[in-house]
Amino acid sequence: MPIRWSWASPRIALIPALAITIVAFFGAAVWTIWISLTRSRRFPDYALNFENLTRQYDRLFGDNAWTTSLQNVLVLAIGSGLAIIFGFILAAMIEREKRAEGFFRTLFLYPLAVSLIVTGLVWRWMFNPDLGVENFLHSLGWTGADFNWLADRRTATYGIIFAMIWHGLGFYMALMLAGLKSINSEIWSAAKLDGVSVWRLYIEIIVPMLKFTFLTCAILLSLGVVKTYDIVLAMTNGGPGTSTWTPAYFVVNAFQSRGNIGYASSAAVMMLLMTALIFLPLVLLTAWQTKRREAQAR
Amino acid sequence: MNASVSATVAAPRTAPTVRRKRRRIRGSTIAVMAFLTICAAFVSLPLYVVVVTSFKTMDQIALGEVFALPTTWTFEPWVKAWSEVCAGMTCEGVSHGFWTSMKILFPSLVLSIGISAVTGYALALWKIRWAGTFLFILFLCAFIPFQIIMIPLVVLISTIGMFGSIWAVAVVHTVLAMPLLTLIFRNFYKDIPPEIINAAIMDSGSFWRIFFEIVLPMSANIMIVVLILMITTVWNDYLIGLTFGGVGTQPMTVILANTVITSFGEVRYNVDMAAALLTAIPPLLVYFALGKFFVRGITAGAIKG
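Along each chain, numbering runs from 1 in the same order as the chain's sequence is written. A letter from A marks each chain and a number from 1 marks each ligand, given out in the order of writing. It should be noted that, the model being predicted, local features are given only for residues of pLDDT at least 70 and side-chain atom pairs only at 80 or more, the latter also being counted only at that level, while totals for whole chains, interfaces and linings use all residues.

**Let's talk about the overall build of chain A**
We apply this condition: The helix count covers DSSP runs of H or I at least four residues long, the strand count covers runs of E at least two residues long, and both are numbered beginning at the N terminus. To get the radius of gyration, use the C-alpha atoms; to get the globule rule, take the number of residues to the power 0.38 and multiply by 2.2 Å. Distance between backbone-placed C-beta atoms decides contact: two residues are in contact if it is within 7 Å.
A count of helical and extended segments in chain A gives 15 helices and 0 strands. A globule of 298 residues ought to have a C-alpha radius of gyration of about 19 Å, yet chain A, at 24 Å, is considerably larger. Expressed along its principal axes, the backbone C-alpha trace of chain A runs to roughly 75 × 70 × 35 Å. Long-range contacts, defined here as pairs at least 24 residues apart, represent 70% of the contacts in chain A between residues at least 6 apart.

**Regarding the domain arrangement of chain B**
All names here are of chain B. What counts here: These domain boundaries are the output of an automatic or database domain assignment. When residues are sorted by character, Ala, Val, Leu, Ile, Met, Phe, Trp, Tyr, Cys and Pro go into the nonpolar class, Asp, Glu, Lys and Arg into the charged class, and all the rest, Gly among them, into the polar class.
Once the domains are mapped, chain B shows domain 1 (2-54) and domain 2 (95-302). Across the boundary between the two partners, domain 1 contributes 4 residues, which contact 6 residues of domain 2. Grouping the constituent residues of the side of domain 1 that touches domain 2 by class yields 2 nonpolar, 2 polar and no charged.

**Here we look at the interface of chain B and chain A**
Residue-level contacts link 75 residues of chain B with 86 residues of chain A. Considering every element that reaches the side of chain B that touches chain A, the biggest residue donor is helix H2 (residues 19-54) of chain B, with 12 residues. Looking at the side of chain B that touches chain A residue by residue, the class counts come to 55 nonpolar, 18 polar and 2 charged.

**Some remarks on the confidence of the model for chain B**
All names here are of chain B. Our working definition: For every residue, the predictor reports its confidence as pLDDT, a number between 0 and 100.
Averaged over chain B, the pLDDT score is 83; the fraction of residues at 70 or greater is 87%. Taken together, the stretch residues 1-23 has pLDDT below 50 and engages in 29 contacts with residues farther than four places along the chain or on a different chain. Reported confidences for the modelled complex are a pTM of 0.87 and an ipTM of 0.88.

**Here we look at the nonpolar core**
The cut-off we apply is this: The term nonpolar core means buried Ala, Val, Leu, Ile, Met, Phe, Trp, Tyr and Cys residues held together as one set by C-beta atoms within 7 Å. Counts of 20 or more other C-beta atoms within 10 Å of a residue's own C-beta define buried residues, counts of 12 or fewer define exposed ones, and intermediate counts define partly exposed ones; C-beta atoms are placed from the backbone.
Membership of the largest hydrophobic core comes to 166 residues, with the highest contact counts inside it found for Val251(A), Ala267(A), Tyr121(B) and Ala276(B). In terms of residue count, helix H8 (residues 166-189) of chain B provides more of this core than any other element does, 17 residues in total. Ignoring any residue separated from it by four or fewer positions in sequence, one finds Ala276(B) in contact with Val118(A), Leu121(A), Val122(A), Val50(B) and Leu256(B).

**Quick word on helix H4 (residues 64-80) of chain A**
Residues and elements named next belong to chain A. The line we're drawing: One less than the number of residues in a helix, times 1.5 Å, gives the span that helix is expected to have. Taken from the helix axis, the directions to the C-beta atoms give the arc we talk about.
In this model, H4 (17 residues) spans 24 Å end to end at C-alpha, consistent with the 24 Å of a helix rising 1.5 Å per residue. Listed in full, the buried residues belonging to H4 are Trp-66, Thr-68, Ser-69, Asn-72, Val-73, Leu-76 and Ser-80. Along H4, the residues classed as buried sweep out an arc of 150 degrees about the axis, all on the same side. In H4, those exposed residues whose orientation departs by more than 90 degrees from the buried face are Asn-64, Leu-74 and Ile-78. Looking at the buried positions of H4, the neighbouring elements they touch are helix H3 (55-61), helix H5 (82-96), helix H9 (156-181), helix H12 (211-226), helix H14 (247-257) and helix H15 (261-297).

Structure follows, in C-alpha cells:
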C-alpha cells in the first residue's frame, strides 16, 4: 500500500499545475487563435468564418492604429535598449570603484519597486509644463528648452522611452553587475601586464565575455517591450491621437473600449507571434548552454 | 600615456604605496564618482520632486519652482489623497483601493506559492516521466504575453460566476505566476542532496510528510525571494485588477490611475502626487527592508538557465 501511494501522491500533487497549464495557457491560447478566425464581435461566435478566414487580420493590417503600434514597438525597443548600455556602463563603474557600491546599487534599483503606473504618472508630471521643469530649465538660461514632449505626437514616444529607461536601468545594471562579478579576476592583472588600455580592455575583452548576459538582457527587454501597456496608459493614455499606441494597448482597447473580441484576438495572436520570434533565440541559447555545461561536466 | 592608463587599470588590485600612482588613481576615481552622482541625481530627481510637491500648497505649486522645498509644509494633500480624493464617480480616496489590494494580495500569495512549491518539489525530487517536457512547457508559459489568454480567462471566469470579485483577481494572479514560481522552486529543490530524500523514503516518509517535515523547513531563503517577487508583482499590477476586478474591488493602482487620468475641474497636483506615493510606498518598503533578497528575487525571475 505505501508503495502505491508513493507512486500516486506526486502525480496527484501535479494536477493543479497541469490543469492550469492545459486550461489557462494552452487552451486559452488555442481559444484566442480560433476566435481570431471567426466573425465574433461582442460575444464569442464559435463558427469559423470559412468564406474569409483572415478577415480580422486583413482589417488589422489596414488599421492605421495597428501600424502605429508596430512602429512604436520598434522605436521603444531600440530606445529603451539604451538602458542596457547605460546599465553596463554603470555596473562597470560601480565594480571598478568599490566605494559606495551598496549605496549606488540601492539607489539605481529602487525604481524597479515602483509600479509602471506610478512611474508613468511621475514622468507625466515631470514633462508637464504647468509644473515647471520647463520653467526651471528656462530660468537656468536654456530658453530654447522644450520639455513638453508628451503633447506632441512626434516626441511623445521619446518621453515614454525616457520613463522606461528610468524604470529599467537598475535591473540591467544588476544583471550586468552579476555578470561582471563572475569574470575571473586574473583577467585584470593579465591586462595590466600586457599594458592594455582601459577602453580596449572593456570593449575587446569584457564585452565579448559578457555576450551571454547582453543577449539575456536584450531578450528580456524585447519581451517586456511587446507587453508595454501600463506605462503608456499612465503617461499619455495612447495619445495624442493614437500616436503612442502599442500592440498590448491595441488589444486591451479593442476588447474593452470597442468590445470586439474577434478583432482583439487577432491582435493578441500577432503579439504571440512576436513573442515567439523573440523567444526562438532564447530557446536555442538555453539548449546550447546546457550542451556546453554537459560538455564541461564530462 | 599608456602606462598611466594601465596603472589605473590595476588600481583596485594593487596596494597604493607609490605616491605618484595614488594621485592618478584619485583623478579617475573623481571622474567616475562624478558620473555616478549625475546618474544618481537623474534616478532620484523624480522621486524628490513628487515627495516635495506632495507637501506643498497649491499656491506654491502655481509659482512653478519644482525643485524648491515647501515654504509651508502641509499634510492636507496626504489626508485628502487617503480619504477624500475622487476616482471617477466615487470620492473615498485611495484608502479603499489600499484595502482591496491587501485583500487581493494574501489569497494570491497563498495560492500561487502553495501550488508552485508543491509542483516544484514533485518535479525536482520525485521520479516523474515527462518532467523535463513539463518544465520546458512551463518555461514557455512563463513568457507568454497576458493578452493572448486574457479574453478566454474573462469568458471562463464569468462562466464560473467569479467575475468581478477579489477571488477572480487572485486566481488570475496565481495562474500567471505559477510557471515562473514553479521553475524557481524546482531549481532550488533540485540541489537538495538525493541521499536525504532517499533516506526519508526508506523511513516510510510519504510524499506530503517529506514535503512538510523536511523540504519546507529548508526553504526559508527561497520563500523570502519568492514572497518579494510576488508582493511587488501583485501590488504593482494594473491590467489584471482592471480587467477582472469589479466596481468595488479594484486595486489601488486602478483607483490611482482613475483619480489622476480622469479627473475633472482644477487639478490638485499635490493631492495626486500624495496618492501616487501612497500607492508606491508598500513595495518600496519591501525593497528597502529586504534589498539583498529583492535583487536576488528579480534576477531569479530573469536568469533561470
